[in-house]
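Structural overview
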Amino acid sequence: MNGLQFDPDRRLDVVAVGRLCIDLNANETGRPMEETMTFTKYVGGSPANIIIGAARLGMRTGFIGKLADDQMGRFIRSYLRKDGIDDSQVCVDRTGAVTGLAFTEIKSPQECSILMYRDHVADLLLNTEEISEAYIASSKALLISGTALAQSPSREAVFLALEFARKHNVTVFFDLDYRPYTWTSAAETAVYYNLAAEKSHCIIGTREEFDMMENLYNLAGADDQATAARWFSHQAELVVIKHGGSGSIGYTADGQSHRSGIFPAKVLKTFGAGDSYASAFIHSLMSGHSVSEAMRRGSASASIVISRHSCSDAMPTLEELEEFLRTNEEVTAGAQ
Ligand SMILES: Nc1ncnc2c1ncn2[C@@H]1O[C@H](COP(=O)(O)OP(=O)(O)O)[C@@H](O)[C@H]1O
Ligand SMILES: O=C(O)C[C@@H](O)[C@H](O)C(=O)COP(=O)(O)O
């Protein structure tokens, strides 16, 4: 049992709140960015990638966010619409803010890094006036991601969305999505992450992201089970800790744990693993699958996406994911 409840009578399955950005992925791989001359443009931003992945799998999706009033903003909106993602709650900044950019470097399949340009970005200007209670109440689930907590007014907008979710029994998924560049202080980061995690039903993060949250209480380095147990005294029913190529481990509030291995992949780049994992994991859970099956599908989706050049564009359809699962065996690497 995963303990998560989803109201079947909602118009939407999952709504994400957070950043809509642009990925510029290096075309010349096997070299540092200093030697990279061309990039390919994709829609990016962790919550955007996750909701695109969920839509690609057939979920009824929506987004709450703010776009720059420029060509990049218009490119992103048309992409969301092409994937059938409701953009009625995606507003446009009129103050001259820009679209966040993530330049990616692919030195080798194991050596990838991301250079983020996030000064004066439109996504962090989303404010509480732009959070619709009725819209959130129309969804079974709300997906939040940590970077939206980095600055006001986006921070307050997310906490208001969490209040509306609580009021209308909307299940909250919290993808930790810690990007150090956007934060100024470790303590401030941990404070806001912990406050949001206390209001979430399912928390998904890497070991390092949970350590960041636990540093505040000198708990960093706790084992996965202790990390998960902390959140069951709040709203959490499910905590998933990702361990890269070693797989992932999930804990439910009823005391069960679930280990997932990985699927072999011809790794082109490692970024995109977490977002694709989260999209298939959420789709599978909300389709009524077990936690173990949801983790397995998350791992499969991650293997598909890390073998491709982009993150958003690379998100598999349900047919692709099912075909991959039919023709590939999970390698039970097992998390630490
Ligand atoms: N090298 C890899 N080969 C196969 N699967 C991987 C690999 N790296 C990550 N994954 C899968 O993607 C999931 C998320 O990756 P991880 O790196 O832990 O998260 P994030 O991308 O958010 O940092 C892992 O739990 C695993 O299932
Ligand atoms: O989240 C961002 O702003 C960058 C993403 O768009 C990019 O695709 C990426 O880093 C994905 O990260 P991951 O899935 O967490 O590895």
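Our structure is the block above this text.
No experiment lies behind these values; they were computed from the predicted model shown.

1. Points about helix H10 (residues 318-327)
For H10, the set of buried residues is Leu321, Phe324 and Leu325. Angularly, the buried residues of H10 cover 95° about the axis, an arc narrow enough to put them on a single face. Relative to its buried face, H10 has exposed residues pointing more than 90 degrees away, namely Glu319, Arg326 and Thr327. Tucked into the core, H10 has its buried residues touching helix H8 (273-286) and helix H9 (291-306).

2. Brief notes about the nonpolar core
If you look at the biggest cluster of nonpolar residues, it comprises 41 residues, and the most contacted ones within it are Leu20, Phe63, Phe173, Leu238, Phe281 and Leu285. Sequence-distant contacts of leucine 238, that is, excluding residues within four places in its chain, are made with Asn2, Leu4, His201, Cys202, Ile203, Phe232, Tyr251, Thr252, Phe281, Leu285 and Val291. In terms of nonpolar packing, the next biggest core, distinct from the first, is built from 40 residues, Val17, Ala148, Val158 and Phe159 among them.

3. Regarding the site of ligand 1
The immediate surroundings of ligand 1 are formed by 16 residues, with Lys242, Gly244, Gly247, Gly274 and Ala302 found nearest. Between ligand 1 and lysine 242 there is a distance of 2.8 Å, counted from an oxygen atom to a side-chain nitrogen or oxygen. Separating an oxygen atom of ligand 1 from a backbone N or O atom of glycine 247 is a distance of 3.1 Å. Looking at the shell around ligand 1, the elements with two or more residues in it are H8 and H9. At four residues, H9 tops the list of elements feeding residues into the shell around ligand 1.

4. Quick look at the sheet that holds strand E6 (residues 101-108)
Working definition: the strands of a sheet are paired by backbone hydrogen bonds and lie parallel or antiparallel to each other. With mixed pairing, the four strands of this open sheet are ordered in space as E3-E2-E6-E7. Edge positions in the open sheet fall to strand E3 (39-44) and strand E7 (111-117), since each of these has one partner strand only. With direction set aside, neighbouring strand axes in the sheet form an average angle of 25°. Inspection of the sheet shows strand E2 (residues 21-26) paired to E6 by four bridges, in the parallel sense. Bridged to leucine 24 within E6 is phenylalanine 103. This element, helix H1 (residues 46-56), spans E2 and E3 of the sheet and lies at about 75° to E3. Against the sheet, helix H2 (residues 71-82) engages E2 and E3, with an angle of about 60° to E3.

5. Some words on the site of ligand 2
Near ligand 2 lie 15 residues; those nearest to it are Arg19, Asp23, Gly45, Ile114 and Gly272. Within the backbone of glycine 45, a nitrogen or oxygen atom sits 2.8 Å from an oxygen atom of ligand 2. The fraction of the free accessible surface of ligand 2 (410 Å²) that becomes covered by protein chains is 90%. Class assignment of the residues belonging to the shell around ligand 2 gives a composition of five nonpolar, six polar and four charged.

6. Here we look at the side chain of aspartate 123
Its place among the elements puts aspartate 123 in the loop between E7 and helix H3 (133-137). What makes aspartate 123 buried here is its relative accessible area of 5%. In this structure, aspartate 123 is in contact with Gly18, Arg19, Leu20, Cys21, Lys66, Arg118 and Ser154, ignoring residues within four places of it in sequence.

Conventions adopted
Residues numbered from 1 in each chain as written. Chains lettered and ligands numbered in written order. Predicted model: local features only at pLDDT ≥ 70, side-chain atom pairs only at ≥ 80, totals over all residues. Heavy atoms only, no water. Buried < 20%, exposed > 50% of the residue type's maximum accessible area, 1.4 Å probe, protein only. Helix = DSSP H or I, 4+ residues; strand = E, 2+ residues; numbered from the N terminus. Arc of directions from axis to C-beta. Contact = heavy atoms within 4.5 Å. Core = buried A, V, L, I, M, F, W, Y, C linked by side-chain atoms within 4.5 Å. Near = heavy atom within 4 Å. Polar contact = N/O pair within 3.5 Å; in protein donor to acceptor, adjacent residues only side chain to side chain. Pairing = 2+ DSSP bridges. Axes fitted to C-alpha atoms, helices over the stretch in contact; angles between N-to-C directions. Areas by Shrake-Rupley, 256 points an atom, 1.4 Å probe, with all protein chains shown as cover. Nonpolar A, V, L, I, M, F, W, Y, C, P; charged D, E, K, R; others polar.

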